[in-house]
Amino acid sequence: MKRFLNILILFFQIGLTFGLTIGIYMIFSLLDYQGGIDGFIGIIFFQPIMGVMSSLFTIIVCLIVGLPIRLNKRIKKWWNNRFYIAFGGVICGLTFIIISLIPDLMTTIITQNGDQEVLKKIPNLYLIVGGWFIMAFSTLHLFPPTFLVRRFVNVIKRLK
């Protein structure tokens, strides 16, 4: 029963992290959309593929970094008893991502549009990448509180 519950929680965490990261990726790709048929095809076909690849890469990296939380019983117990740390990490990461869109913090780059040089403002990459990984790590290691797990186990035992 305990192994089934741990696998169920892991799949929920991966699904939640994947959904959140792909959603954020697609929002940023839509913010970068500049029109045109080639841009539309990129948004519809190529950006979702890139979003899936970057989300999976992020999940794999965060799983590897978070292995001590999953494998060491003392660390896992400590982390589970302080689930608000992971929740705060999700909020902190999302805050960094939102702050990266503040105009004063955006970076100006020069791009080529045909034969013209165009100034373009992009979000602060340090804030986006930092917020992205903090949010993904925290979401991937956001365990439900112990009392909720006990209630779930009791409901399952009653159903048997």
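All figures in this text were calculated on a predicted structure; none of them were measured in a lab.

Chemist: Can you help me understand the overall build of the protein in this one?
Modeler: A count of helices and strands for the protein gives seven helices and two strands. Each helix (α) and strand (β) of the protein, taken in turn from the N terminus, gives the series α-α-α-α-α-β-β-α-α. Compactness check: the protein gives a C-alpha radius of gyration of 20 Å against a globular reference of 15 Å for 160 residues, more than 25% above the reference. For the protein, the spread of C-alpha atoms along the three principal axes comes to 70 × 30 × 25 Å. Taking the intrachain contacts of the protein between residues at least 6 apart in sequence as the baseline, contacts between residues at least 24 apart amount to 70%. Of the roughly 11,000 Å² of accessible surface on the protein, 72% is carried by carbon and sulfur atoms. Here the protein contributes 15 positively and 5 negatively charged side chains, and the mean placements of these two sets differ by 46 Å.

Chemist: In this structure, what is going on with the pattern of salt bridges? I would like to understand it.
Modeler: One side chain can pair with another of opposite charge once the charged atoms of both are near each other. Here the structure, examined in full by the defined rule, presents one salt bridge. Of the charged contacts, one joins Asp32 and Lys120 as a salt bridge, the two residues approaching to 2.6 Å between their closest N and O atoms. Placement of the pair is Asp32 in the loop between helix 1 (2–31) and helix 2 (37–65) and Lys120 in strand 2 (residues 116–122), with a sequence separation of 88 residues. Residue classification places Asp32 among the partly exposed positions, given a relative accessible area of 39%.

Chemist: When you look at the packing of aromatic side chains in this model, what are you seeing that I'm missing?
Modeler: What describes a pair of aromatic rings is the distance from one ring centre to the other and the angle between the planes of the rings. The full count for this structure, using the stated rule, is two aromatic pairs. Judged by centre distance (6.3 Å) and plane angle (80°), the ring pair of Trp79 and Phe137 falls under edge-to-face. Placement of the pair is Trp79 in helix 4 (residues 73–81) and Phe137 in helix 6 (residues 125–140), with a sequence separation of 58 residues. Like Trp79, the residue Phe137 is buried in the burial classification. A ring pair is formed by Phe83 and Tyr84, whose centres lie 6.3 Å apart and whose planes are at 65°; its orientation type is edge-to-face. With relative accessibility at 52%, the residue Tyr84 sits in the exposed group.

Chemist: Explain the packing of helix 1 against helix 6 here, please?
Modeler: A pair of packed helices is captured by two measures, namely the crossing angle of their axes and the spacing between those axes. The contact between helix 1 and helix 6 brings their axes to 8 Å, and the two run at 160°. The orientation of helix 1 with respect to helix 6, classified from their angle, is roughly antiparallel. Judged by the twist between their axes, the crossing of helix 1 over helix 6 is right-handed. The residues of helix 6 that touch helix 1, namely those facing Gln13, Ile14, Leu16, Thr17, Leu20, Thr21, Ile24, Tyr25 and Phe28, are Ile128, Trp132, Met135, Ala136, Thr139 and Leu140. When its residues are assigned to classes, the contact of helix 1 with helix 6 shows 11 nonpolar, four polar and no charged.

Chemist: Help me out: how do you make sense of a nonpolar patch on the surface in this one?
Modeler: On the surface, a nonpolar cluster with roughly 1,000 Å² of combined accessible area is contributed by Tyr33, Ile37, Phe40, Ile41, Ile44, Phe45, Phe46, Ile49, Met50 and Met53. Residue position: Ile37 is located in helix 2. Taking the relative accessible area as the measure of exposure, Ile37 reaches 64% and is therefore exposed.

Chemist: Looking at this model, I keep getting lost on the confidence of the model for the protein. Mind explaining?
Modeler: For any part of a model where pLDDT is low, the fine detail of the predicted coordinates should not be relied upon. In this model, the protein carries a mean pLDDT of 90, and residues with pLDDT of at least 70 account for 99%. Confidence, expressed as mean pLDDT per element, reaches its minimum in the protein at helix 7 (residues 146–159) with 82 and its maximum at helix 6 with 96.

What counts as what
Residues numbered from 1 in each chain as written. Predicted model: local features only at pLDDT ≥ 70, side-chain atom pairs only at ≥ 80, totals over all residues. Heavy atoms only, no water. Helix = DSSP H or I, 4+ residues; strand = E, 2+ residues; numbered from the N terminus. Rg over C-alpha atoms; globule rule 2.2 N^0.38 Å. Contact = heavy atoms within 4.5 Å. Areas by Shrake-Rupley, 256 points an atom, 1.4 Å probe, with all protein chains shown as cover. Lys, Arg positive; Asp, Glu negative; His and termini not counted. Charge placed at Lys NZ, Arg CZ, Asp CG, Glu CD. Salt bridge = Lys/Arg side-chain N within 4 Å of Asp/Glu carboxyl O. Buried < 20%, exposed > 50% of the residue type's maximum accessible area, 1.4 Å probe, protein only. Phe/Tyr/Trp six-rings, centres within 6.5 Å; stacked < 30°, edge-to-face > 60°. Axes fitted to C-alpha atoms, helices over the stretch in contact; angles between N-to-C directions. Parallel < 35°, antiparallel > 145°, perpendicular 65-115°, else oblique. Left-handed = near helix turned anticlockwise from the far one by under 90°. Nonpolar A, V, L, I, M, F, W, Y, C, P; charged D, E, K, R; others polar. Patch = residues over 30% accessible without salt bridge, like charges linked within 9 Å, V, L, I, M, F, W, Y side chains within 5 Å. pLDDT = per-residue confidence, 0-100.

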